[in-house]
Every structure is written in structure tokens, then in C-alpha cells.
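# Observations on the model geometry
Here are the chains, one letter per residue:
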Amino acid sequence: AVMLVSAGAAILRPDFELKLAGKALDWLVALGFFLLILSIAYIILLPRLRRLMLFGYFQVVLDTMAVTLIIYITGSFSSIFSFMYLVVIVYSAMVIYRKGGMVIATLCGIQYGLMIDLEYYGIIVPPGDAYFLSPDFEWQYVLYKLLFTIAACYAVAFLSGYLSEQEQAAKRELWSMEDQVKRMERLAAVGEIAAGLAHEIKNPLASLTGSIQMMRDQMEYDPDQERLMQIVMREADRLGTLVTDFLRFAKPGPGRAEIIELDKSVSEIVSLFASDPAYQSRLTVEKDLTPGLYVRIDQEHLKQVMWNLLNNAAEAVEKQGSIIVKVYPKKKDYACISISDNGYGISRETMDSVFDPFFSTKPKGTGLGLSIVQQVVGAHGGLVDIDSAPGSGTTVTVRLRRHPPQKA
């Protein structure tokens, strides 16, 4: 409809030299009604469609054909409406991105070139008598205009696709930051309420453990009593570990943040993890670390984050598998640590809850690992993102703000 309005406005201008013959005007009006009916059909069908990308291609291809008809009706080679191909290419890049924009640019070039060739050799003649390709035109001029139009189509497709992809990347980053802020707010609320409760549990638990130890030392040895006391001590230690982890989640503490070279610190932690006998026999750990990236973070906090993520990756891998640790820059402001495994992955339903405290899919898990990672990284102004699918493994990316190296 917009294309037809633009064409009609130009045709009705007093200074428009070329006058449409009656037959050509009838064609243009008929095309306008057809496009109007097609637009109504799009509105009706759109809520019922599932394969929107395929529908987007179908719609844009029809639009290119409509533009070709408008150009043909209004003079073909002499028409001033060849620029309308660029309009179609711009919004096709917005709908089906750079690859789709290049495909549509190719389709526009083929249609325009075929139409000009057929007119040049006299096979087709536009409806208006004043619009045919004059034999006075040199073939070099025809070729020049043809190539210029096609080049313009590709240039606009490339630029529009690039801008569209940048916009999509910015939107994804904004959504990721919004999700993280919501998670941080939720975790902060839970942490503030429960931090005091954790302290109240830890103090009597220490007294209970000490009392059991004193009774154990003072009582005569009895196998049954010894077994019961071992159960009490083991469960008390387990509860103490859980409370300690929860305190780390609730109040990770500022630590001693310092500027470090990220690749060296990560390399040390990964090497220590890879030498663990529990994983050494069944896991291959690969490193791809970009040097020269500096961040400001507490070393112990970084170790805690890395250790939690590496343990999660190792536990997600059944039998033999691999873990890939990368350090790389993102744009010019951030440095990223990504830990990828080829394990069983995370379902879409589970993904929404992985950062919630006490949520775990492991039989013996506390469900605080990723919550602690989220809190620690957030306390240093960073972001955590997870990309996973069932059967395809998981990649956790920690993004930290870069800093210039510390002067000696």
C-alpha cells in the first residue's frame, strides 16, 4: 500500500513529465486493490502462523514482484520507481536479517535485469506509449544503469543487515541484563531475610558439634554408640557446610578486589581443577585464553566462581567428556570467561530456575552453587549468562568489566 501511494503521488505531480496511458493506470489501480486484499489476508493469517520466518520470506518475495510490476507499468527502464527495491530490501533485512536481505537483493537484481533485457530486445513493452526503452540509448548506458541499480541493492542489503544484527545483539544484551537485575533483586531480598537466620543456626550447631565431640572423648568405647555419633557428626558437618554456603550466597562480602590479568588467574585455577583425581581419568579440559585482559576482582572470589562452574560442568558430563574454558574480549569494555561442557544440558523449563537458591536437579546438591556465582559476580559489577539445550551441553559465560593494567 505504501508503495502504491508513493507511485500515485509522483504520477499526480504537475511536473511529472511522463503521463500514464489509460491502460497503464488501470493496471496500477488493479495492482493497488490486489495488494490491499493481500494485506488484509496477511492480517487474518498472521496470528495463526507458526513458521513466521518462512512467511516473512514469502511476503517479501511477493513485495519484490509487486515493485517489479510497478516499475514495469510506470515505464520499466524509464521508470523513476526503481528505488522502491531499496525500500523492500531495508525492511526485509529488518525481518529476515542480513542473510535474508542479501537473498532479496539478489532476487531484485534478477527481476530488474530480466525485465530490462526483455524490454531492450523488444520482447516486452510497457503499457504506456511513452515508456518504452528508446533505441537511441546506447547499450553501455543501459548496462551502467542496470549494474548501478543492482550494486545499490546489495549495498543497502549489507548495511541494513548489519544494522539489524547490531540492533538484535543490543536487544539480547538488554534482555540479559534485565533478567540478571531481576534475579539479583530477588536473591538480595531472600539473602537479607535469611542471613540472620543462618547465623542463628550456625552458632547452636557449633555448640552441638563441640558437645558431641566431648561426649565422644569421655565415654567408653561402644560400637553402636560410636556409629550413632559418627552419623551425628557427619550430618552436623553437612549442615554446617550448607549454612556456610548459604552465608556466602546471602552476603558474599567485598573481599580484596585487585586488578589481575585474567588469563593467568584462570589458567592456574583450571590447571588445579584438571589435576583433581576425581575428574582426571574421565575429563579432558581444554583452555583457550586470550592474554592481556585485566579485570578488578578478588582472587578468592574468582576461584570460588570458577570452582563452582567447573564442578557443575564436570557433574553434567556422564562418563567420558570434555570441558572447554575460554577467556576472550567482548567489544572493548568487557572480558568474558566461558565454561562449556558436552554434558546432558538443561531443559527450557529448568533454565528459568537455575539461579534460584536451593533449586537443584542433583540428588546431593544444595542448589546454592549458581546462586553464589550470581551474587559474587554481581557484587563485582559483572553478568552471568547460560546457554544450554538438552543433549547439547551447556555454556556458562561470566562477563566482567575490563580495567587498564595496574602500573608498577
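Everything numeric here is computed off the predicted structure, so don't read it as measured data.

For the rest of this paragraph, the subject is a nonpolar patch on the surface. Where nonpolar side chains cluster on the molecular surface, the patch consists of Y120, Y121, I123, W139, L143 and L147 and spans about 690 Å² of accessible area. If you tally residues by element for the nonpolar patch, the top one is helix α5 (residues 139–218), at 3 residues. Position of Y120 relative to the elements: it lies in helix α4 (residues 84–120). With relative accessibility at 35%, the residue Y120 sits in the partly exposed group.

On to the confidence of the model for the chain. Here the chain averages 77 in pLDDT, and 77% of its residues register 70 or above. Mean pLDDT in the chain bottoms out at helix α1 (residues 2–11), which sits at 45, and peaks at strand β5 (residues 334–341), which reaches 91. Within the model, the stretch residues 1–19 combines pLDDT values under 50 with 28 contacts to residues more than four positions away or in other chains.

What follows covers the packing of aromatic side chains. On inspection of all chains with the given rule, the structure shows 6 aromatic pairs. The aromatic ring of Y334 is capped on one face by R399, whose charged end is 4.7 Å from the ring centroid.

Glancing now at the environment of D333. Take D333: it is sitting in the loop between β4 (321–330) and β5. For D333, a relative accessible area of 35% corresponds to the partly exposed category. Not counting chain neighbours up to four residues away, the residues in contact with D333 comprise L400, R401 and R402.

With that out of the way, let us pick up the pairing of β4. Here is the key point about a regular strand: its side chains alternate between the two faces of the sheet. Where strand β2 (residues 283–289) meets β4, 7 bridges bridge the pair, whose relative direction is parallel. Opposite K287, over in β4, you have V325 as the bridge partner. As defined by bridge partners, β4 adjoins β5 across 8 bridges and the pair is classed as antiparallel. Along β5, the bridge assignment pairs K326 with S338.

Definitions and cut-offs
Residues numbered from 1 in each chain as written. Predicted model: local features only at pLDDT ≥ 70, side-chain atom pairs only at ≥ 80, totals over all residues. Heavy atoms only, no water. Patch = residues over 30% accessible without salt bridge, like charges linked within 9 Å, V, L, I, M, F, W, Y side chains within 5 Å. Areas by Shrake-Rupley, 256 points an atom, 1.4 Å probe, with all protein chains shown as cover. Salt bridge = Lys/Arg side-chain N within 4 Å of Asp/Glu carboxyl O. Helix = DSSP H or I, 4+ residues; strand = E, 2+ residues; numbered from the N terminus. Buried < 20%, exposed > 50% of the residue type's maximum accessible area, 1.4 Å probe, protein only. pLDDT = per-residue confidence, 0-100. Contact = heavy atoms within 4.5 Å. Phe/Tyr/Trp six-rings, centres within 6.5 Å; stacked < 30°, edge-to-face > 60°. Lys NZ or Arg CZ within 6 Å of the ring centre and 35° of its normal. Pairing = 2+ DSSP bridges.

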